[in-house]
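Residue-level structure breakdown
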Amino acid sequence: MENARNDIEALDDLELDAPASVPAASDDVAAPARPAKRPRREAPTDEECRQMHASFNDRISYLCKMAALVVALVSLATIALGQELPQFVLMGLCLSVALLAIAMLQDHHQRKR
């Protein structure tokens, strides 16, 4: 790695659109072809930022609801099977209520906008 260049800006300036050179038939190792360089994306508009924020909030809300459901079901299943430790069941149920509260706050914040 001694010969590796440190400036990333120089790598951005390279022309990667040119076709990769074809190695001679006598070469044992074929060089992998480089994909074409993608054009840089423009900064998202305000509307796109709002949509991404709303999508992120919806995903967090969904994940919190699913995690709360799983924790509550596991806690209640341990009670039904008679294998519960009361302090862990109580912690699990409190955690599921907290996750549901986070999901509801996310939903409320999203509707408020």
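So, a few notes on the structure that sits alongside this text. Quick caveat, the model's predicted, so the values are computed rather than measured.

1. Regarding the overall build of the protein
- Helix and strand content of the protein: three helices and zero strands.
- A total of 113 residues make up the protein; the buried ones form 13% of that total.
- Put simply, of all contacts in the protein between residues at least 6 apart along the chain, 60% involve residues at least 24 apart.
- Here the protein has roughly 10100 Å² of accessible surface; of this, 62% comes from carbon and sulfur atoms.

2. Examining helix H3 (residues 86-112)
- The terminal C-alpha atoms of H3 lie 39 Å apart, and with 27 residues this matches the ideal 39 Å at 1.5 Å per residue to within 8%.
- All buried positions along H3 are accounted for by Val89, Gly92, Ser96, Leu99, Ala103, Gln106 and Asp107.

3. Considering the pattern of salt bridges
- All told, the structure shown has two salt bridges when counted by the stated rule.
- Among the ionic pairs, arginine 50 bridges to glutamate 47, the shortest N-O distance being 3.0 Å. Here arginine 50 pairs with glutamate 47, and both are found in helix H2 (residues 46-81), just three residues apart, close to one helical turn.
- The class for arginine 50 is partly exposed, based on a relative accessible area of 47%.
- The partner of aspartate 107 in a salt bridge is lysine 65, with the nearest N and O atoms 3.0 Å apart. With aspartate 107 in helix H3 and lysine 65 in helix H2, the pair connects residues that are 42 residues apart, well separated along the chain.
- On the accessibility criterion, aspartate 107 (12% relative accessible area) is buried.

4. As for H2
- Between the first and last C-alpha of H2 there are 52 Å, a value that for 36 residues agrees with the 52 Å anticipated at 1.5 Å per step.
- Of the positions making up H2, those classed as buried are Ala54, Asn57, Ser61, Cys64, Ala68, Ala72 and Ser75.
- Buried positions along H2 lie against H3.
- Just past H2, the residue glycine 82 takes up positive phi, approximately 75°.

5. Notes on the environment of leucine 99
- Mapped onto the elements, leucine 99 comes out in helix H3.
- When its relative accessible area of 17% is taken as the criterion, leucine 99 is described as buried.
- Along the backbone, leucine 99 and cysteine 64 are 35 residues apart, and their C-alpha atoms lie at a distance of 5.2 Å.
- With near-sequence residues (within four places) excluded, leucine 99 lies in contact with Cys64, Ala67 and Ala68.

Calculation rules
Per chain, the residues get numbers from 1 upward, laid out in the order the sequence is written. Local features in a predicted model are, by the rule used here, given only for residues with pLDDT of at least 70; side-chain atom pairs are given and counted only at 80 or more, and totals for whole chains, interfaces and linings are based on all residues. For the side-chain quantities, the full set of heavy atoms in the structure was used; hydrogens and water were omitted. Starting at the N terminus, helices and strands are each numbered in turn, a helix being any DSSP run of H or I of at least four residues and a strand any DSSP run of E of at least two. Summary of the burial criterion: residues with accessible area below 20% of their type's maximum are buried, those above 50% are exposed, and those between are partly exposed, where the area comes from a 1.4 Å probe applied to protein chains only. Whether two residues touch is decided by their heavy atoms; if any such pair falls within 4.5 Å, the residues are in contact. Method for areas: the Shrake-Rupley scheme with a 1.4 Å probe, in which residue coverage is limited to the protein chains shown. How far a helix is expected to stretch is found by multiplying one less than its residue total by 1.5 Å. Any Lys or Arg side-chain nitrogen located within 4 Å of an Asp or Glu carboxyl oxygen qualifies as a salt bridge.

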